[in-house]
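Listed below, chain by chain, are the residues.
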Amino acid sequence: MKIGVPREIKTNENRIALVPAGAEALIAAGHQVMVEAGAGEGSGFDDAAYIAVGASIGPDAATVWGQADMVLKVKEPIASEWKHLRSDLIVFTFFHFAADEELSRAHLESGATCIAYETVELPSRELPLLTPMSEVAGRMAVQQGAKYLEKLYGGRGMLLGGVPGVPPARVVILGGGIVGINAAKMAAGLGAQVTIMDVSLERLRYLSDVMPANVQLVFSNRHNILEQISTADVVVGGVLIPGAKAPKLVRKEDLATMPRGAVIVDVAVDQGGCFETTRPTTHEDPTFMVDGVLHYCVANMPGGVPRTSTLALTNATLPYVLQIAQKGWRKALQENKALRRGLNMTGGKVTYKAVADTFGLPFVDASTLVD
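Throughout what follows, the structure given in this document is the object of discussion. (Residues numbered from 1 in each chain as written. Predicted model: local features only at pLDDT ≥ 70, side-chain atom pairs only at ≥ 80, totals over all residues. Heavy atoms only, no water.)

**A look at the sheet that holds strand β4 (residues 70-72)**
Turning to step 1, where the next piece is worked out: On the basis of which strands lie adjacent, the open sheet formed by eight strands has the order β3-β2-β1-β4-β5-β6-β14-β15 and mixed pairing. If you trace the sheet from one side to the other, it starts and ends with β3 (56-58) and β15 (349-350), each paired once.
Turning to step 2, where the next piece is worked out: Two elements, strand β2 (residues 32-36) and β3, share three bridges in a ladder whose sense is parallel. In the sheet register, V35 faces β3, and the bridge partner there is I57. (Pairing = 2+ DSSP bridges. Helix = DSSP H or I, 4+ residues; strand = E, 2+ residues; numbered from the N terminus.)

And the structure:
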């Protein structure tokens with residue numbers, strides 16, 4: 001199979017979907033890999049590193065897309081890339097279709113086979129390809145929350161961990177999943193007073209066994225959320241419903257109850273965000289203020305640490321890429337039900353129910369296309 005890796009062109013997106021070691025593994029398995037010139041530089045991998053393992057370098061995006069049977073990306077193709085889509089192409093990337101109807105319809109009309117990292121799902125409900133980026137984003141959320149609490153950036157002027165004689169900041173985390181647990185580890189390690197909120201008592205019981213003493217667990221409902229955010233200095237949104245839009249847990253009018261200069265970090269922004277006031281921002285212009293509350297809603301947060309993120313992502317995606325390349329997408333999905341859950345669209349059909357429901361589109365079960 002011919003595998004293409006184009007340069008990411010979303011604003012300040014420095015990751016690449018395949019590191020040289022991954023290219024080497026694919027080439028050793030008998031496949032061809034073409035990387036767009038300069039695509040790895042943002043993550044610290046120059047063209048020579050890919051050439052050294054046997055990959056070719058494509059001079060431009062059109063060449064890479066045009067010659068590939070499967071394109072590997074990090075972020076969803078943006079509007080200027082849609083012209084490269086075609087019905088015989090496999091695209092394997094983070095799509096987050098439910099958050100963007102125009103994106104969804106463009107890919108649907110192209111007929112391309114779209115396999116989404118974020119909906120590949122193991123029987124345990126774990127999302128193995130989303131997990132490494134959620135780990136990065138959860139940890140970064142606290143770094144950014146601590147930074148934007150500084151007065152210079154419009155925050156309350158607080159040190160997250162406080163000092164002897166001065167209380168630490170209060171960090172409230174909505175969602176006790178991968179983002180939440182990683183955010184809590186970072187915040188607790190810095191000395192903050194941390195509260196994790198989740199709707200699963202089973203998850204809260206697990207977290208009570210593994211979290212340090214400065215992390216409290218509170219059941220998530222409307223009343224408790226309002227109570228917790230009223231004294232929060234940083235609120236991290238880490239709620240995920242696989243493939244679907246995130247629920248709006250904090251309304252615009254709720255911001256009036258929060259301290260002025262408090263910081264919201266919405267990690268769920270890729271899926272529409274779990275704050276009503278969320279709108280996607282970029283690394284260049286990451287924040288905005290609503291009713292005295294600072295919002296950080298960068299849609300590709302792990303792109304800020306591209307080397308760490310790229311290595312972590314390839315570690316997770318490569319086994320699945322190899323399966324698709326070796327067997328073709330139909331057989332790979334037939335044999336691997338976790339990977340089958342990743343199929344969102346193919347041949348002009350929507351095969352992921354949450355996406356179909358979001359936009360009122362007809363749904364076709366993926367099993368009818370691969371079994």
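**A short note on the pattern of salt bridges**
Turning to step 1, where the next piece is worked out: Following the criterion strictly, the structure yields 16 salt bridges and no others.
Turning to step 2, where the next piece is worked out: Its salt-bridge partner being K73, residue E8 comes within 2.9 Å of it at the nearest N-O pair. Linking E8 in the loop between β1 (2-5) and α1 (20-28) with K73 in the loop between β4 and β5 (90-93), this pair joins segments that are 65 residues apart in sequence.
Turning to step 3, where the next piece is worked out: A residue is classified by how much of its surface remains accessible, and K73, at 1% relative accessible area, is buried.
Turning to step 4, where the next piece is worked out: Linking E81 and K73 is a salt bridge whose minimum nitrogen-to-oxygen distance equals 3.9 Å. Of the two residues examined, E81 and K73, each falls in the buried class.
Turning to step 5, where the next piece is worked out: Within this structure, K10, K75, E76 and D270 form a network of salt bridges that share partners. (Salt bridge = Lys/Arg side-chain N within 4 Å of Asp/Glu carboxyl O. Buried < 20%, exposed > 50% of the residue type's maximum accessible area, 1.4 Å probe, protein only.)

**Quick word on the packing of α1 against helix α9 (residues 306-327)**
Turning to step 1, where the next piece is worked out: Two numbers describe how α1 lies on α9: the axes approach to 10 Å, and their chain directions differ by 20°. When the axes of α1 and α9 are compared, the pair comes out roughly parallel. In the packing of α1 onto α9, the handedness of the crossing is right-handed. Only T314, L318, V321, L322 and A325 of α9 make contact with α1, whose side of the interface consists of G22, A25 and L26.
Turning to step 2, where the next piece is worked out: Of the residues belonging to the contact of α1 with α9, the class tally is six nonpolar, two polar and no charged. (Axes fitted to C-alpha atoms, helices over the stretch in contact; angles between N-to-C directions. Parallel < 35°, antiparallel > 145°, perpendicular 65-115°, else oblique. Left-handed = near helix turned anticlockwise from the far one by under 90°. Contact = heavy atoms within 4.5 Å. Nonpolar A, V, L, I, M, F, W, Y, C, P; charged D, E, K, R; others polar.)

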